[in-house]
Amino acid sequence: MHRTLEPFKTRTATALVDATLKIAIERTTATAERKRAAALSDFPEFDAARDRGRRIKDHVIANLDHYLVEFERNAKAAGTHVHWAATADAAARIVIELCRAAQAKRVTRVKSMLGEEIGLPHALAEAGIERVETDLAEHIVQLGGDTPSHIIWPSMHRTREQVSEMFRKAHKTPHEEETIEAMVESARRELRDKFLSADVAISGANFLVADTGATCTVTNEGNAELTTTPPRVHIVTAGIEKLVPSTAHAFAMLRLLVRSATGGDITQYTTFHCGPKGPSDRDGPEEFHIVLVDNGRSRMLTEGLKDMLRCIRCGACMNHCVVYRQLGGHAYGGVYPGPMGAVLTPVFDGLEKARDLPHACTLNGRCQEVCPVDIPLPTLLPG
Ligand code: SF4
């Protein structure tokens, strides 16, 4: 685990002398920067879309109580069980109770930084429930006993050469050829049975759609669909700031999210989940739960961090940050790294643990420039 209490200077010193880490960071962030630039050059309406995205999020944040009530009403009408969690501990407790009620021995999980924020991997281990990470990068993180170092590419601190070695040690039938395709196939073989034998699926949500009560999830691997369809119970954990008024608004935000995160026009899989399976559905969960998590978000409304609630977790600010590109994510010490993490870590972990994070900023303003919802990150750092 990398969330240690080592001083910030020690963490940065360790990161700065790690030559392999430097290679891994540069391979991923340079590619991300190039792909985003290409995506934006093919999307001349980006500035208008960004302005609209900012207005959508500001409107929802200004009317959060209204949209939360609307979302809950419509989700319940679709047969969803809605749970409210004021803190990270409360959210993890609710998920564990639901898993116990389902007599779960194995759960599959699709990448969700909120799951990390509420300490779900640890809570599941304490409860004796096997956790299977199904996102390829999270599978690598789990094999390495690590924590994510980036919110879009959680295992970006590993080189492909390191991953190859890990797979050879851990997989039942590892790859023979030293190619990325063969490594992906090895992970696919390893995970396939686990998808089909899980008792409970746990996912996050990219957006919560108020007027339908649906959750929206995007992936490029299809693992969200494979994770959430076979098990009898599906649990979604999501921060309350994920709300958008309607499906059309979700698509407006997706145009920004995908281009900023991976440089694509659209993700391979965009799925809306709305309640458990109905009488005419051939598959899907019999029980569908959503845990709505506050964990400091409503406090951000009144403590000068309202703008930060617009964040759609695209990762562009870290890919373009000169400091992140030297250190990687673990040196920041919180669940969320990079510029957005420097703002969020004091909220989730307390100011004392985040006191040094403003030193990880040159105030060059690049993070705000690339942010698809125009968050003034440098001005939100703890003073
Ligand atoms: S702060 Fe902006 S750039 Fe950074 S992750 Fe959030 S939305 Fe993306």
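This one's a predicted model, so the numbers in the text were calculated from it and none came from an experiment.

**Points about the nonpolar core**
One broad rule of soluble globular proteins: the nonpolar side chains tend to lie buried together.
Part 1 of the reasoning: In terms of nonpolar packing, the biggest core is built from 60 residues, with Phe 207, Met 253, Met 308, Tyr 336, Met 340, Ile 375 and Leu 377 touching the most fellow members.
Part 2 of the reasoning: Apart from the residues within four sequence positions on either side, Met 340 is in contact with Ile 151, Met 308, Cys 311, Arg 313, Cys 317, Met 318 and Leu 377.
Part 3 of the reasoning: Residues Ala 92, Ile 94, Leu 98 and Ala 104 belong to the second largest nonpolar core, which totals 25 residues.

**So, unusual backbone geometry**
Part 1 of the reasoning: Positive phi, normally seen in glycine, also occurs at Gln 103, with a value near 55°.
Part 2 of the reasoning: Structurally, Gln 103 is set in the loop between helix 5 (88-101) and strand 2 (106-109).
Part 3 of the reasoning: Despite not being glycine, Leu 363 shows a phi value in the positive range, around 60°.
Part 4 of the reasoning: Mapped onto the secondary structure, Leu 363 falls in the loop between helix 16 (338-349) and helix 17 (366-370).
Part 5 of the reasoning: Overall, Leu 363 belongs to the exposed group, its relative accessible area being 60%.

**Some words on the environment of His 273**
Part 1 of the reasoning: Within the secondary structure layout, His 273 lies in strand 9 (residues 269-273).
Part 2 of the reasoning: The spatial distance from the C-alpha of His 273 to the C-alpha of Ala 214 is 5.4 Å, given a sequence separation of 59 residues.
Part 3 of the reasoning: Once residues within four sequence positions are removed from consideration, His 273 is found in contact with Gly 213, Ala 214, Thr 215, Thr 217, Thr 228, His 234 and Phe 288.

Conventions used here
Residues numbered from 1 in each chain as written. Predicted model: local features only at pLDDT ≥ 70, side-chain atom pairs only at ≥ 80, totals over all residues. Heavy atoms only, no water. Core = buried A, V, L, I, M, F, W, Y, C linked by side-chain atoms within 4.5 Å. Buried < 20%, exposed > 50% of the residue type's maximum accessible area, 1.4 Å probe, protein only. Contact = heavy atoms within 4.5 Å. Helix = DSSP H or I, 4+ residues; strand = E, 2+ residues; numbered from the N terminus.

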